[in-house]
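Take a look at the letters that make up each chain.
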Amino acid sequence: MLTCTCKKCRREVPAGSHCPTCGAALPASRAHLLWEEEHLPIADWAIWNSAARVVLPVALVVLAAVVAAEALHGGLAAVGELLRGPLLASLAWLLGGCALLLALVLLLRGRDIQRCVMDSRGVEITTLLPEPNPVKLLLRGCAPRVEPAGPGEYPAVAVQRLSWKDVARVQLWPEKHLILLYAPRYFLRLAIPCSLLTWADALDCVREKLGKKKKVRLPASLRTAAKPAPKQPARPKRPAGPAADEQDLLTDIRSMNAELEREDKKEAARKRKEDKKEAARKRK
């Protein structure tokens, strides 16, 4: 939905020239795309992906360090004995325990609402908590008590912002109606949730802001085609055959006549100059 934020009312109102409540002016530059989606953290692929990008590299570094130390101490035979032992199983149990702990934390967080805003500057996702309690707030890294921003508003527990100039890659997940923004290209910064009603409008906004940027990696459906260069008027083709030869002959004759005329004028001017000099000598 295209809305504007009224500075006097502090409310989101439909885009227009004036606020329908207080009559304040609403410039067109203040309009933005706003929608809200219900969100279940435990089913959010982006949260699991973020956690995996931290846990898996740490596990690989620990495994590599243990194997390297064992190789330096006892050689390849010791490494083989180590890998046949309980090390890999223990590491797998540790990863499984981390996954279960994360699932428990996400489950206790409960449902929330994600308010998405796309404007001329970038994208902002605000997480709102409809039924806050101390446990949910603490598991989200907030104080046990958070006051809502205004009457009838849910308290905001997290805000994620990303400007258009920082986006390096965009991917689409149409099955889940997700727009994935990367900054830089290998790091996922935002997973924007959409619905059937907001999917097309969100894609149009991304296409408008990023479609012409050559440095941003985009799907073909979001790339804006460059405007074709204006066509130059075609030059008239010269007729082929005897008519063309005759035209060339006439052109050559005209050029020769013009050259002869210029030579005649130069010769006449030279003679007049010499006559004047001769007359001046005779007077002396």
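You'll find the structure just up there.
I keep staring at helix 2 (residues 87-109) and nothing clicks. Help me out?
Given 3.6 residues per helical turn, the α-helix brings residues three or four places apart onto the same face. With 23 residues, helix 2 should cover 33 Å at 1.5 Å per step; its first-to-last C-alpha distance of 33 Å lies within 8% of that length. All of the buried residues in helix 2 are Leu 91, Ala 103 and Leu 106. The elements touched by buried residues of helix 2 are helix 1 (45-84). Gly 110 sits one or two residues past helix 2 and shows a positive phi near 80°.

It is not clear to me how the sheet that holds strand 8 (residues 178-182) should be interpreted in this structure. Could you clarify?
Consider a sheet: its strands pair through backbone hydrogen bonds, and that pairing is either parallel or antiparallel. Pairing is antiparallel across the open sheet formed by three strands, whose spatial order is 7-8-9. One side of each edge strand has no neighbouring strand; the edge strands of this open sheet are strand 7 (169-173) and strand 9 (188-193). On average, adjacent strands in this sheet sit at an angle of 20° to one another, irrespective of strand direction. Pairing geometry for strand 8 and strand 9, over five bridges, is antiparallel. Bridging from a neighbouring strand, Leu 178 pairs with Pro 193 of strand 9. Those strands touched by helix 1 are strand 7, strand 8 and strand 9, and its axis lies near 165° from that of strand 9.

Mind showing me how you'd approach the packing of aromatic side chains here?
Aromatic ring pairs are described here by two measures, namely the spacing of the ring centres and the angle between the planes. A full pass over the atoms with the stated rule returns one aromatic pair. Here the guanidinium or amino end of Lys 176 rests over the ring plane of Trp 173, the centre of that ring lying 5.6 Å away.

Sorry if this is basic, but what is going on with unusual backbone geometry here?
Excluding glycine, residues mostly carry a negative phi; peptide bonds, for their part, are mostly trans. Going from Ala 183 to Pro 184, the amide bond is cis rather than trans, its omega being -5°. Relative to the elements of secondary structure, Pro 184 occurs in the loop between strand 8 and strand 9. If you check the backbone angles, His 177 has positive phi at about 55° while not being a glycine. Its location among the elements puts His 177 in the loop between strand 7 and strand 8.

In this structure, what is going on with the side chain of Thr 198? I would like to understand it.
Residue placement: Thr 198 occurs in the loop between strand 9 and helix 4 (199-210). Overall, Thr 198 belongs to the buried group, its relative accessible area being 10%. Of the polar contacts made by the side chain of Thr 198, one reaches the backbone nitrogen of Ser 195; its length is 2.9 Å.

Explain the nonpolar core to me, please; I cannot follow it from the model alone.
It is characteristic of soluble globular proteins that their nonpolar side chains tend to be buried jointly. Counting 25 residues, the largest nonpolar core has Met 118, Val 170, Ile 179, Leu 181 and Ile 192 as its most contacted members. Those elements that place two or more of their residues in this core are strand 3 (32-39), strand 4 (112-118), strand 5 (122-128), strand 8, strand 9 and helix 4. Among the elements that make up this core, the one with the highest residue count is helix 4 (six residues). When near neighbours in sequence (up to four residues on either side) are disregarded, Leu 181 contacts Val 123, Leu 162, Val 167, Arg 169, Val 170, Phe 187, Leu 188, Arg 189, Leu 190 and Ile 192. In this structure, Ala 46, Leu 178, Leu 180 and Leu 188 belong to the second largest nonpolar core, which totals six residues.

Rules used throughout
Residues numbered from 1 in each chain as written. Predicted model: local features only at pLDDT ≥ 70, side-chain atom pairs only at ≥ 80, totals over all residues. Heavy atoms only, no water. Helix = DSSP H or I, 4+ residues; strand = E, 2+ residues; numbered from the N terminus. Expected span 1.5 Å × (residues − 1). Buried < 20%, exposed > 50% of the residue type's maximum accessible area, 1.4 Å probe, protein only. Contact = heavy atoms within 4.5 Å. Pairing = 2+ DSSP bridges. Axes fitted to C-alpha atoms, helices over the stretch in contact; angles between N-to-C directions. Phe/Tyr/Trp six-rings, centres within 6.5 Å; stacked < 30°, edge-to-face > 60°. Lys NZ or Arg CZ within 6 Å of the ring centre and 35° of its normal. Polar contact = N/O pair within 3.5 Å; in protein donor to acceptor, adjacent residues only side chain to side chain. Core = buried A, V, L, I, M, F, W, Y, C linked by side-chain atoms within 4.5 Å.

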